[in-house]
Amino acid sequence: MVLKVSDVSAFYGKKQILKDISFPEIPQGSLVGLLGPNASGKSTLMRCISGEKKCQGTIEFKGQNINETSQKLWYDVVATMPQTPPSPTALTPTELMWSTARSLALPLSDKDLARKIETIFDNLGLRSFELSPLQSLSGGKRQLVGLALALIRDPELLLLDEPTAALDLQWRMIVLDWVKKRVEETQTIAVAALHDLDMAARFCNILVLINEGEIVAVGPPEEVLTTGNIAHVYHVETELGLSQRGNLQIDVIGPIASRG
Amino acid sequence: MELISPLIIMNNTSSLYVNFLRLNGRRYLILAGLSIALLASLWLDLIAGPAGLSAGQILSGLLDPETLELRYRIILWDVRLPDALIALAVGGALGLSGIETQTVLDNPLASPFTLGISSAAVLGASFAIIVEPVIPFVPSYAILPTLALCGALASSAIVLVVVRVSKGSRGMVVLFGIAMFFLCDALASGFHLIADADAAQQIVFWAIGNLTKAGWLEVTIVSLCLLLIFPFSMRQVWVLTLLRGGEDHARSTGVNIAGLRTWVIVRASILAAFAVCFVGTIGFVGLVGPHIARMLLGEDHRTLLPGSILCGALILSLASALSKTLIPGVIVPVGILTAVVGVPMFLSLLFKKKGQF
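Residues numbered from 1 in each chain as written. Chains lettered and ligands numbered in written order. Predicted model: local features only at pLDDT ≥ 70, side-chain atom pairs only at ≥ 80, totals over all residues. Heavy atoms only, no water.

## Let's talk about the overall build of chain A
- Regarding its fold elements, chain A presents nine helices and twelve strands.
- Compactness check: chain A gives a C-alpha radius of gyration of 19 Å against a globular reference of 18 Å for 260 residues, within 12% of the reference.
- Going through the 260 residues of chain A one by one, you find that 53% of them count as buried.
- Restricting the contact set of chain A to residue pairs at least 6 apart, pairs at least 24 apart contribute 64%. (Helix = DSSP H or I, 4+ residues; strand = E, 2+ residues; numbered from the N terminus. Rg over C-alpha atoms; globule rule 2.2 N^0.38 Å. Buried < 20%, exposed > 50% of the residue type's maximum accessible area, 1.4 Å probe, protein only. Contact = heavy atoms within 4.5 Å.)

Below, the structure is given as C-alpha cells:
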C-alpha cells in the first residue's frame, strides 16, 4: 500500500501552479509533512491527491491510478480534512457526522454508525460536545470536528490541510501524535500540509518541501530541514540544534534580505 | 465521567445513539404538533366567512355534501374549500422552495423572491392585464396565470444559466437574483405608468397576493407540483444537511456542489413559479416559514424539509382565516396578512433563541 506521485503538473487557467512534482514512493505507515511557504502549491498538491482538482502526471495509491478510478472508489479510501473548519451553524457534530456517513453511503447500521462516531469523538475529546450546535464551539473544537469527519470513512490515505491552524498547543500535540499513532497502527498513510517546522520535524517520518510549485527536498526531517533549504524557501536565517530531549529545534535568527 | 449507566453497557448501545434517537424523536413530535396545528388552522379557515355557515353545518357538509342546501354546498365546496386548500399548497410549496434555496445558497435572506422569481411573475401578470394578449389554445381566464408562470420560469432559467456559468458560485447567484428583481420591477413599473386606473388597481391587487380566485384546478396543479417535487428533495436530505457544515467540507466528501445547486434551484423555481402564478406574490412565507422551521427543528433536513412545508402552510392558512375575520364582511388580501401573522411568530422565536439560529 504505497502512494506514488510522479510528474504532477497542475494549472489554474494558464498559470502553472505545480511543475512536474515527483517524489519517491511513500511506504505505508508514514506521516508525510508537506512544507512550503504560502502560495507554494501545498494546497493545490493536496487537492490533486484528493481528486478534487484535475492534474497531469501520475498519482497512484495501492496501485490504482487516480485518473482510471471512479470518484466513488477514490473517495472511499482517500479522505481530506479541509483547511476551513465546519461552519458555525446550529448543526451539531453528531448530525454532521451522520449526514456525512449517509451521503457517502457507508454500509453501517444505525447502531454501528453511532458506535463509530462515539469512538472517534472519544479519541478527539469531542464527546461532551456531541449535540452542541457548532456555532457554540470554539474554532479549535470545530477543527477537531473537521478531523472527525475525515475519519468517519476509515481512510487509508488521510489528507490534512493545515490540521492544527486553529488549535492551541495542547491539541496540536494531541492531534499530530494521534494521527501518527493511527497511521502506524493501521499501516495507512497520512499527508499533512503544515506551517510549523518544529512540529513537522517532530511527528513526520518524511518531509516534502516545495517552493513555487517545485520540489526542493524530500526525505527524513534532518535531511530536509537544513539551514540552506530553509534559507532558500522561507528567506530566513536559522540555526539548528537539538533540545535536551533530542528534538530538532529551529532557532530563527531573522529574515534574509532579498537576493534579487 | 465514571458514572456510566450500567444499563447502557448491558445493552451495548452507545449513549450517543440514545441521545441522537431522543433528539430525533423530539423533532418528530414537533412535526406532529405542527400537523395538528395545521389541521386546526384549516378548520378555522373553513368556518371563517360571511355566509353564516355554522361549524356543525360545515362538518356535516364535508362528510356528506347532500345534507347542505345547494347554496351552502356551493359556498363550502367551490369557495371555501379550494381557498383553504390552496393556502396549504402554496404555503407548503413556498416553504419547501425557501428552505432549499437558503441551504444551497448558504444565505439566510435567500428565498424564491431573492432569485427574482416573484417579480418576474408580477411582470408577466402586468403584461397580461395591460396588453390583454390573445394566446392560441389558452382560454382568456388562464392567460394571466400562464404569463405569470412564463415570467417566473424564464427568470429561473436565466438564474440557472448564471449558476452554470459561474460554476455554482453562490455570491454570483444571489447578486444576480437581486439584479433580476430590480430589472423586472422596473419593467413592471413601466407597464403601470401606461395602465388606466382600473388596470393599475388590478395589478396592485394581484401583486399583493390573494387566494380567493383559486378553484379546484389551481389547487390540484399546485398540490401535484409539491407532491411530485417533495420526494426528490427528500432524496437529497443527507447532502443538504452536510452542506450546512460548509462548502469545503461538502466538497471533500465528494459532493458536486454546482450540480446540487442546479437541481435545487430547478426544484425551488418550479415550486415558486407555480405557487405564485395563481395567487400573486405572497411574500414572506418563503423566507420566514423556513426560518421558523429551522428554529423549531434544527438543521437536520430529514425533519427540516417537512417542517418547513408545514410552517409555510400554517402561516398562509392562519393568514387566510384572519383575512376573512379581521374586518367583518371584507376580505383583506392575504398577502398583507402573511406578514402580520408571520412577523410576530418569527420575532417571538427569534427572541426566545436570543438571535442564535
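## What about the sheet that holds strand 10 (residues 214-219) of chain A?
All names here are of chain A.
- Spatial ordering of the open sheet is given by 6-7-8-3-9-10, a layout of six strands whose pairing is mixed. Looking along the sheet, the strands with just one partner apiece sit at the ends: strand 6 (78-81) and strand 10. Sheet twist, expressed as the mean angle between neighbouring strand axes with direction ignored, is 15°.
- Here strand 3 (residues 31-35) pairs with strand 9 (residues 206-211) via four bridges, running parallel. (Pairing = 2+ DSSP bridges. Axes fitted to C-alpha atoms, helices over the stretch in contact; angles between N-to-C directions.)

## Quick look at the packing of helix 4 (residues 70-105) of chain B against helix 12 (residues 257-279) of chain B
Residues and elements named next belong to chain B.
- In contact at an axis separation of 9 Å, helix 4 and helix 12 are set at 155° when each is read in the N-to-C sense. Looking at the two axes, helix 4 sits roughly antiparallel to helix 12. Here the hand of the crossing between helix 4 and helix 12 comes out left-handed. Seen from helix 4, the contacting residues are I86, V90, A93, L94, L96, S97, E100, T101, V104 and L105; seen from helix 12, they are L260, R261, V264, I265, R267, A268, L271, A272, A275, V276 and V279. (Parallel < 35°, antiparallel > 145°, perpendicular 65-115°, else oblique. Left-handed = near helix turned anticlockwise from the far one by under 90°.)

## Structural notes on a nonpolar patch on the surface
All names here are of chain B.
- Together, I178, F181 and F182 make up an exposed nonpolar region whose accessible area comes to about 260 Å².
- Relative to the elements of secondary structure, F181 occurs in helix 7 (residues 170-194).
- Exposure remark for F181: the relative accessible area of 30% places this residue in the partly exposed category. (Patch = residues over 30% accessible without salt bridge, like charges linked within 9 Å, V, L, I, M, F, W, Y side chains within 5 Å. Areas by Shrake-Rupley, 256 points an atom, 1.4 Å probe, with all protein chains shown as cover. Salt bridge = Lys/Arg side-chain N within 4 Å of Asp/Glu carboxyl O.)

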